[in-house]
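The lines below spell out each chain.
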Amino acid sequence: MGTTVDKPRTRGEISDQDLVELAGKHAYAEVKEEEIVYINDNSYLVLETNYDEFKSGMDAFVVQNLATDECALIFIGSVGKDDWIGTNPKLLGNVYPRQMEDAITYYERSKDRYNITAVAGNSLGGANTNAVGVKYPDVRAVSLNPALLPEDKDIDFNKEYPNITNYYSQYDFLTATIQSLEYGH
């Protein structure tokens, strides 16, 4: 009898559903470099993790679809006091918090190195995702229950951003708060 090797499962391109699961579930599991994550019959290799590099609290990781070599950058949502005290309250203002600037910097640094075709995030990670999507209309940006983007000179609220897709859960606290305050634009 030979040894059976668990071959990675692969299917196709990175779907919105896979991006949402990467951002909404696996981002909070502190994935490790070279780990393989299985989602919906697809296999993703974690190429790089970025925990604690930026003083702003911005954390993220890069995955590669093993079937297509397509890469995505996943922003992690609020997990520490830097996020809850330092960044989240600033989202109600009109200036990008440092964390969003760091998210854009990390995307710029990673996009050519890994050929990033998509970014994704949940909650605060979704706001970071949308900040990248606004600045770079050529990248697909997918978020789950994103936090607000601050009203900033770079955002044109009369403009369509077809590269950005935001998904909202019916019972998510952040989404309900944003809707009740009529900040849904």
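Residues numbered from 1 in each chain as written. Predicted model: local features only at pLDDT ≥ 70, side-chain atom pairs only at ≥ 80, totals over all residues. Heavy atoms only, no water.

Draft legend 1. Highlighting the nonpolar core. L73, F75, Y107, I116, V119 and V132 are the most contacted members of the largest nonpolar core, which totals 26 residues. Mapped by element, the contributors of at least two residues to this core are β3 (60–65), β4 (71–75), α3 (98–114), β5 (116–122) and α4 (124–135). Here this core gets six residues from one element, more than from any other, and that element is α3. Once residues lying within four places of it in the same chain are set aside, the contact partners of Y107 are L73, I116, V119, V132, Y136 and V139. Of all hydrophobic cores here, the second largest spans 20 residues; its members include L19, Y44, V46 and F61. (Core = buried A, V, L, I, M, F, W, Y, C linked by side-chain atoms within 4.5 Å. Buried < 20%, exposed > 50% of the residue type's maximum accessible area, 1.4 Å probe, protein only. Helix = DSSP H or I, 4+ residues; strand = E, 2+ residues; numbered from the N terminus. Contact = heavy atoms within 4.5 Å.)

Draft legend 2. A look at the sheet that holds β4. With mixed pairing, seven strands are arranged side by side in an open sheet as β1-β2-β3-β4-β5-β6-β7. Of all strands in the sheet, those bounded by a partner on one side alone are β1 (36–39) and β7 (164–167). Taking each pair of neighbouring strands and ignoring which way they run, the sheet shows an average axis angle of 25°. When strand β6 (residues 140–144) meets β7, the two strands line up parallel, connected through four bridges. Each residue of the ladder has a partner; that of A141, found in β7, is I164. Packing of helix α1 (residues 16–24) onto the sheet brings it into contact with β1, β2 (42–50), β3, β4, β5, β6 and β7, and relative to β6 it is tilted by some 55°. This element, α3, spans β2, β3, β4 and β5 of the sheet and lies at about 125° to β2. (Pairing = 2+ DSSP bridges. Axes fitted to C-alpha atoms, helices over the stretch in contact; angles between N-to-C directions.)

Draft legend 3. Highlighting unusual backbone geometry. Phi at D69 is positive, roughly 65°, even though this residue is not glycine. Within the secondary structure, D69 is located in the loop between β3 and β4. With a relative accessible area of 48%, D69 lands in the partly exposed category. Positive phi, normally seen in glycine, also occurs at N145, with a value near 45°. We classify N145 as buried; its relative accessible area is 5%.

Draft legend 4. The packing of aromatic side chains, seen in detail. Counted by the stated rule, this structure contains one aromatic pair. Centroid distance Y107 to Y136: 5.1 Å. Interplanar angle 55°. Geometry classified as tilted. Placement of Y107 in helix α3 and of Y136 in the loop between α4 and β6 is noted, with a sequence separation of 29 residues between them. (Phe/Tyr/Trp six-rings, centres within 6.5 Å; stacked < 30°, edge-to-face > 60°.)

Draft legend 5. Structural view of the confidence of the model for the chain. For the chain, the mean per-residue pLDDT works out to 80, and 72% of the residues sit at or above 70. The model gives residues 1–12 a pLDDT under 50, and that stretch makes 22 contacts with residues more than four places away or in other chains. (pLDDT = per-residue confidence, 0-100.)

Draft legend 6. Structural detail: the pattern of salt bridges. A full pass over the atoms with the stated rule returns six salt bridges. Across the pair E53 and R109 runs a salt bridge whose closest N-O atoms are separated by 2.8 Å. Of this pair, E53 sits in the loop between β2 and β3 while R109 sits in helix α3, placing them 56 residues apart in sequence. Residue E53 is classed as partly exposed on the basis of its relative accessible area, which comes to 45%. Between R98 and E101 there is a salt bridge; the shortest N-O distance is 3.0 Å. Of this pair, R98 and E101 both sit in helix α3, three residues apart, which is roughly one turn of that helix. Via salt bridges that share partners, D16, E70 and R140 belong to a single interconnected network. (Salt bridge = Lys/Arg side-chain N within 4 Å of Asp/Glu carboxyl O.)

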